[in-house]
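Spelled out, the chains give:
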Amino acid sequence: MIELKKVSKTFASKKSNVKALDDVSLHVKKGEIYGVIGYSGAGKSTLIRCVNMLEKPSEGEIVVNGITMTGLPTNKLREARQNIGIIFQGFNLLKTATVYENIAIPLKLTGIAKTEIDERVKKYLAVVGLEEKADSYPGQLSGGQKQRVAIARALSHEPDVLLSDEATSALDPETTESILSLLLKINKEFGITILLITHEMHVVQKICDRVAVMENGRVIEEGKVIDIFSKKTSETTKKFINSLFPEDIPEEVISSLSEQGPVIRLSFVGDSTGKPALAEVAKKYDVYTNILSGNIVQLKNEPYGRMVIHLQGTNDQTEAAIAYLEAEGVHIERVKL
Ligand SMILES: Nc1ncnc2c1ncn2[C@@H]1O[C@H](COP(=O)(O)OP(=O)(O)OP(=O)(O)O)[C@@H](O)[C@H]1O
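- Under the annotation held in an unreviewed UniProt entry, the protein carries the name Methionine ABC transporter ATP-binding protein and is attributed to Halalkalibacter kiskunsagensis.

1. With respect to the packing of helix H5 (residues 143-155) against helix H6 (residues 173-190)
Thought 1: Between H5 and H6, the least distance of the axes is 10 Å, while the angle of their chain directions is 15°. On the basis of their axis angle, the class for H5 and H6 is roughly parallel. Crossing angle aside, the handedness with which H5 passes H6 is right-handed. Seen from H5, the contacting residues are Gly-143, Gly-144, Gln-147, Arg-148, Ile-151 and Leu-155; seen from H6, they are Thr-175, Ser-178, Ile-179, Leu-182 and Ile-186.
Thought 2: Considered class by class, the residues forming the contact of H5 with H6 number five nonpolar, five polar and one charged.

2. What about the sheet that holds strand E9 (residues 210-215)?
Thought 1: Read from one edge to the other, the open sheet built from six strands follows the order E6-E7-E8-E3-E9-E10, with strand pairing classed as mixed. Sheet topology places strand E6 (84-88) and strand E10 (218-224) at the edges, where each strand pairs with a single neighbour. Across this sheet, the average inter-strand angle for adjacent strands is 15°, counted without regard to direction.
Thought 2: One ladder, built from five bridges, connects E6 with strand E7 (residues 161-165); its direction is parallel. What sits directly across from Gly-85, in E7, is Leu-162.

3. Focus on helix H13 (residues 315-327)
Thought 1: For H13, spanning 13 residues, the distance from its first C-alpha to its last is 18 Å, which sits close to the expected 18 Å at 1.5 Å a residue.
Thought 2: Where H13 is concerned, the buried positions are Thr-318, Ala-321, Ile-322 and Leu-325. In a view along the axis of H13, the buried residues occupy a sector of 100°, so they form one face of it. Residues of H13 that are exposed and angled more than 90 degrees away from the buried face: Asp-316 and Ala-327.

4. Thoughts on the confidence of the model for the protein
Thought 1: Per-chain confidence: the protein averages 91 in pLDDT, with 98% of residues scoring 70 or above.
Thought 2: The ipTM for the predicted assembly is 0.96, set against a pTM of 0.89.

5. What about the site of the ligand?
Thought 1: What surrounds the ligand is the set Phe-11, Val-18, Ala-20, Gly-38, Ser-40, Gly-41, Ala-42, Gly-43, Lys-44, Ser-45, Thr-46 and His-199.
Thought 2: Elements represented by at least two residues in the shell around the ligand include exactly strand E2 (17-28) and helix H1 (44-51).
Thought 3: The element best represented in the shell around the ligand is H1, accounting for three residues.
Thought 4: Here the residues of the shell around the ligand are counted per class, giving four nonpolar, seven polar and one charged.

6. Observations concerning the sheet that holds strand E1 (residues 2-12)
Thought 1: Strand order in this open sheet of four strands is E2-E1-E4-E5, and the pairing throughout is antiparallel. Only two strands of the sheet have a single partner each, and these edge strands are E2 and strand E5 (67-68).
Thought 2: Strand direction decides the pairing type here: E1 and E2, joined by eight bridges, are antiparallel. Within E2, the residue paired with Ala-12 across the bridge is Asn-17.
Thought 3: Along the sheet, H1 makes contact with E1, E2 and strand E4 (59-64), crossing E2 at roughly 60°.

7. A few points about the nonpolar core
Thought 1: If you look at the biggest cluster of nonpolar residues, it comprises 68 residues, and the most contacted ones within it are Val-51, Ala-152, Val-161, Leu-163, Ile-194, Leu-195 and Val-211.
Thought 2: Looking at which element gives the most residues to this core, the answer is H5, with six residues.
Thought 3: Not counting residues up to four positions away in its chain, the partners in contact with Val-211 are Gly-35, Ile-37, Val-204, Val-225 and Ile-228.
Thought 4: Core analysis: the second largest hydrophobic core is formed by 14 residues, Val-281, Leu-311, Ile-322 and Leu-325 among them.

8. Quick word on the domain arrangement of the protein
Thought 1: You can read the domains of the protein as domain 1 (2-241) and domain 2 (251-334).
Thought 2: Centre-to-centre, using C-alpha coordinates, domain 1 lies 39 Å away from domain 2.
Thought 3: Taken together, the contact between domain 1 and domain 2 spans nine residues of the former and eight residues of the latter.
Thought 4: Counting residues per element, the side of domain 1 that touches domain 2 draws most heavily on helix H8 (residues 225-230), which supplies four residues.

What counts, and where the lines are drawn
Residues numbered from 1 in each chain as written. Predicted model: local features only at pLDDT ≥ 70, side-chain atom pairs only at ≥ 80, totals over all residues. Axes fitted to C-alpha atoms, helices over the stretch in contact; angles between N-to-C directions. Helix = DSSP H or I, 4+ residues; strand = E, 2+ residues; numbered from the N terminus. Parallel < 35°, antiparallel > 145°, perpendicular 65-115°, else oblique. Left-handed = near helix turned anticlockwise from the far one by under 90°. Contact = placed C-beta atoms within 7 Å. Nonpolar A, V, L, I, M, F, W, Y, C, P; charged D, E, K, R; others polar. Pairing = 2+ DSSP bridges. Expected span 1.5 Å × (residues − 1). Buried ≥ 20, exposed ≤ 12 C-beta atoms within 10 Å, placed from the backbone. Arc of directions from axis to C-beta. pLDDT = per-residue confidence, 0-100. Near = placed C-beta within 6 Å. Core = buried A, V, L, I, M, F, W, Y, C linked by C-beta atoms within 7 Å. Domains from an automatic or database assignment.

Shown next, in the form of structure tokens:
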């Protein structure tokens, strides 16, 4: 549905050149929610702006829904953009227009008939749950409501693709949840392919099927979210994943416990989260398990958990317990200072 083939973008100035995108290739499949995550300056905004040609790539090709965007003449580009909705962190609503007008005006500009405009505005305001705010002005809405209007505006063009440029970054955690749920709903109900950029791993964890991690204009990791969580990854990816599992265990505690047996970090995916593996090892190998920290997060399709525990027992007992847990599909890492 969206293909970036060897895309590079260099911003040239008198002083220096900045390579914001460096040979990026991505393939977002029809109907999926694809996340691009990276720290500030990684190149995410440039990437998403290249997809609808708000920014022109210096090299490479971009294909959206079978149409090669790179090199399209202006009139054809305008047409192709009708099929690509976009929402922004700052909502980009017209302050002096009502909610109704914010959705209706862009539709009018594309030449849609008045009755059809009215139908679409009402339909998509209902989809985002804001029918009763049609006559309000953006200044009278909360941040979450403003983003809902922006989503309704994007949907009203009935696009196949929705681009989301840090859409939840300006919102509080609760409102973020509700907007993420709304994105899931429109992906499911309308089959819209969503490409989003974010610096929050939580967004990827909650709604993405696949993810690309960016650093210095390059994609350094790419794949199914579950695989990125469960395989050994780069330091940057680890940092993003760790942000979901704050451990805060004092070094002195780890140091003193380590004298009486190993401190280990367990991570588990899907089925193995349901198994009372810890209770089993305690009973089977006569070891004492002390949980120092733990959390399970729900990825889009399956749970993923992480725990730090201290195992107390003889060396043979604790090593046998670790081997058993590994055989049960639990990934083990020894926590060392
Ligand atoms: N119009 C521009 N002119 C010059 N340099 C630019 C321009 N836009 C972006 N850059 C540079 O390109 C690099 C990537 O920027 P980009 O905004 O794509 O990153 P980002 O990952 O979206 O960061 P942020 O999350 O802070 O927006 C940065 O070094 C930035 O300074």
